[in-house]
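Each chain, letter by letter, is given below.
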Amino acid sequence: MQNNLGLVRSKADEAKIESRTGVELIEGLLPEFDLTSPWTQQWLLEVVRAVKSSEDLKVKQNELTWIEMLHNHATKTTGNSWPIESSLFTSYVEILESQDPDFASVVRGEIGTRLLEGGKPL
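What counts, and where the lines are drawn
Residues numbered from 1 in each chain as written. Predicted model: local features only at pLDDT ≥ 70, side-chain atom pairs only at ≥ 80, totals over all residues. Heavy atoms only, no water. Salt bridge = Lys/Arg side-chain N within 4 Å of Asp/Glu carboxyl O. Helix = DSSP H or I, 4+ residues; strand = E, 2+ residues; numbered from the N terminus. Buried < 20%, exposed > 50% of the residue type's maximum accessible area, 1.4 Å probe, protein only.

### Section: the pattern of salt bridges
Any two side chains of opposite charge can pair if their charged atoms end up close together. Applying the stated criterion to the full structure yields two salt bridges. Linking K52 and E68 is a salt bridge whose minimum nitrogen-to-oxygen distance equals 2.9 Å. Here E68 lies in helix α2 (residues 66-78) and K52 lies in helix α1 (residues 38-53), a separation of 16 residues in the sequence. Neither residue differs from the other here; K52 and E68 are each classed as buried. For K60, the salt bridge identified is with E63, shortest N-O distance 3.5 Å. Owing to a relative accessible area of 55%, K60 belongs among the exposed residues under this scheme.

This is how it looks when you write it as structure tokens:
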């Protein structure tokens, strides 16, 4: 199966994701990628939504990504508080991981939650 996404660098501090047919899906990736950042969380959710809505890609619509699961959990438990504050991100991930085996299975190999100095995930 051929990959239909391309990463097109536009500037040193930004990137753009396009389909092979030239349809721009997402723009704005920064090199200092901080997963705890509310901006990054929202960006990741928008990437997932863009990819799932693209007719150029064959994406399983019925399988949630970890960022969609986290978004659903955060909005359900806090009454629509999304994105998650940086200082609370790791706690949300760890709580959801302990409560939802599906989330735990997906997230285990995709993001780390070991804390570094300053409370950011490894």
